[in-house]
Each structure stands twice: as structure tokens, then as C-alpha cells.
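# Structure at a glance
Listed here are the chains, written in short residue letters.
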Amino acid sequence: MKILTYGEIMDAGASVFHSVAKLDGERLLVTFEGVIRIDNPYRYLEPYLQELEKVLPDQQVAECVIDFAQLRFCNSNGFYVIMDIVESVYRHVKGNVTVRRVRDDDWQQETLPILLNLDEDAIASRTAFEEVRAL
Amino acid sequence: MTETPTDNERDAAPSVEPAARARVSFVVDVAPLSAVVGDLPTVVAEFSLALVALFYPTNIAKKANVVVTELVQNIVENVLDPTSQGQVKLAIDGKELVISVANAASDEAVAKVRARIESLGTPAEAKKLLAQTIRERRPQRLKGGLGLIRLVAENRFTLSCDDSDGRLTVTARYPLEG
């Protein structure tokens, strides 16, 4: 497993959120874990976005999983940064994308599809959901 | 892979165990609002999540968390009078979850919130509005404007607002009995 890059949000001296992009063979896994509650997540995640744009085009990826199962909360200030991360993955990775999400989480069921831009046929046709129980 | 729940399945009120009929409530008053230097929305929201989850299913507690976060965020980001008081109330009784926040607000702010709430419509209509608003505001990464829509579109609350004596109260209600 190779860690390509990661981003982290610190709050009051503690890590409250991190996203990691890692490669296992030709399988790209992008994980989201923790909570996004701060006012301006770009303050912490802008370098991660830039790094994703830099490293993803060079990878050989046959399969991609974006995993939200351990993202416990996202305030509305976090929506755009989630969209930017996901958009970067879709832009640079060919083929299908599996999105893991929590079955009984309102934001992951209702708002996440909007953030993934599933209204676009080109995105929807490449996307499948894997529904999981809250961990 | 598993199937995504249908709209009808998600429209149904969540099942609340017969044992989960506890009456639970709290009120948080903060004055003056200028004294708020820490992350008040997070503190009250996480307390709400933990408290409601003691008595009700996690999906109900998560709804409380989202509502308190977004509404208290609105209070701390829109302080009209730094000497005024902000108030958060939560009450759940097995029939309904009711959360309200109150703060000093100008006539203009009251009119804006009232118009926004009236524009939301049904959850399905609010979901379309949420998608449209995100698309419109994303290029400039504009803050705000999503919280109230989210409460209806995503969490299926009914919103209302009242104003008296220069104070705006926004109330969010979610039925626990279908």
C-alpha cells in the first residue's frame, strides 16, 4: 500500500479530520474520516487538493473506491472542499468509481449525491454505491 | 453492492422503539454573545448528539446534531447586538423533535430568513434548491446560504420563524410518529 498524499484538519491542537489517497496495486482508495466542522476547511486542505492534482495523473489506476463510511459529520461549510476532492479523483482516474457510504446517514444519502455531481450522466454512469452500516 | 433506499422508504418516519419515549429537553442561554470566543456550535451540537442518542436511535440524534450545528452557526455568524442573548432549545418526547434558536435580529434579517424558509417547499423541492444553490455558489466558494435548505432537503425538518421585540426565533420540527 502506497500513501500518495493526505490532508488533515486540526482543531484545538487535535486532528479532527483526515483524508488519505492511497494506492494498493492498481486500486486507488480515497478515504474521509472524522468530522468537518470548521469555518474554512480550505485553510487546511488546500495543499492536499494541490497535491492530488499533481500525483493522480501519474498513477496506474484500474479500480477506485471513495470511502465516506468514517466521515461522521460535515457542516455546510465543508461541502465545496468535498466536491473539489471528489472532482479531482473523477477527473484523473479512468473507469468506474465505487462510493462507500453509510446507509442510515441523512447527509450521505441525500446531500452526498449532489456533491458527487451525479446529475451529470458522465459521472453517474461511472458511479456505484456500496451501502454500509455505521461503524 | 446493495440497493439505494427508495424515496418512499426514506420518506417514512423512522421507527422509534416503544421504550424510546423519554421526554428530554434542554435550554442553553448565552449572554452577551460577544463573550463567545470558542466553538459554541460544536459544543452544543455534540452535546445534543450525545444526549439524544442516550434515549433515541442514532439517526434521530444525528438529525439533532445537524440542526443545532447549522442554526447555532447562524447565530454566532450574524450577531446584530454583541450585548444581546442567544438561546438554543431542544425538546424530544417520542412524538416530535423540536429545536429552536433565538437571537436579536434586524427587520431586514427577519424578512430574509422568512423569505428563505417560505421558498423551501417540500423536501423534494428543497433538494432541487440545494443542488442549484451549491452549483451557483461553488465557483466563489461562498459561505452560508446552505444551512436552512439542508435541514429540509437532507434532514426533512419543517422550519418556521417568529419575531417579536427585535428577536428572531427559528424553529425546526421533525415528527417521530408517522
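Each remark here, short or long, concerns the structure printed above.
Below is a short write-up of the structure. Note that this is a predicted model, so its numbers are computed, not measured.

Thresholds, definitions, all that
Residues numbered from 1 in each chain as written. Chains lettered and ligands numbered in written order. Predicted model: local features only at pLDDT ≥ 70, side-chain atom pairs only at ≥ 80, totals over all residues. Heavy atoms only, no water. Contact = heavy atoms within 4.5 Å. Buried area = accessible area lost by both parts, 1.4 Å probe. Salt bridge = Lys/Arg side-chain N within 4 Å of Asp/Glu carboxyl O. Polar contact = N/O pair within 3.5 Å; in protein donor to acceptor, adjacent residues only side chain to side chain. Helix = DSSP H or I, 4+ residues; strand = E, 2+ residues; numbered from the N terminus. Expected span 1.5 Å × (residues − 1). Buried < 20%, exposed > 50% of the residue type's maximum accessible area, 1.4 Å probe, protein only. Pairing = 2+ DSSP bridges.

### Quick word on the interface of chain A and chain B
In this complex, chain A contributes 33 residues to the contact, which on the side of chain B involves 37 residues. Across the chain A to chain B interface the summed buried area is about 3,100 Å²; carbon plus sulfur atoms make up 46%. Counting the surface chain A buries against chain B, the share from its top three residues, Arg37(A), Tyr80(A) and Glu110(A), is 26%. Here chain A and chain B share eight salt bridges between them. Notably, a salt bridge pairs Asp106(A) with Lys63(B), separated by 2.7 Å at the nearest N-O pair. Scanning the region where chain A abuts chain B turns up twelve residue pairs in polar contact (both at pLDDT 80 or more).

### A look at helix 2 (residues 79–92) of chain A
Residue and element names in this part refer to chain A. Taking 1.5 Å per residue as the helical rise, helix 2 with its 14 residues ought to reach 20 Å, and the 20 Å between its terminal C-alpha atoms agrees with that figure. The element helix 2 is extensively covered by neighbouring structure, given that eleven of its 14 residues are classed as buried. Within helix 2 the residues assigned to the buried category are Phe 79, Tyr 80, Val 81, Ile 82, Met 83, Asp 84, Ile 85, Val 86, Ser 88, Val 89 and Tyr 90.

### Things to note about the environment of Pro41(A)
Residue and element names in this part refer to chain A. Structurally, the position occupied by Pro 41 is in the loop between strand 3 (27–36) and helix 1 (42–55). Taking the C-alpha atoms as reference, Pro 41 lies 19 Å from Ile 114; in sequence the two are 73 residues apart. The residues contacting Pro 41, other than those within four sequence positions of it, are Ile 9, Ile 36, Asn 77, Gly 78 and Val 81.

### Quick look at the pairing of strand 2 (residues 14–24) of chain A
All names here are of chain A. Across nine bridges, the pairing between strand 1 (residues 2–11) and strand 2 is antiparallel. What sits directly across from Gly 7, in strand 2, is Ser 19. In sequence, strand 1 turns back onto strand 2 through a hairpin of two residues, with Ala 12 there showing a positive phi of about 50°. As paired elements, strand 2 and strand 3 share eight bridges and run antiparallel to each other. Across the sheet, residue Asp 24 finds its bridge partner in strand 3, namely Arg 27. Once strand 2 ends, the chain turns through two residues before running back antiparallel as strand 3, passing Gly 25 with a positive phi of about 65°.

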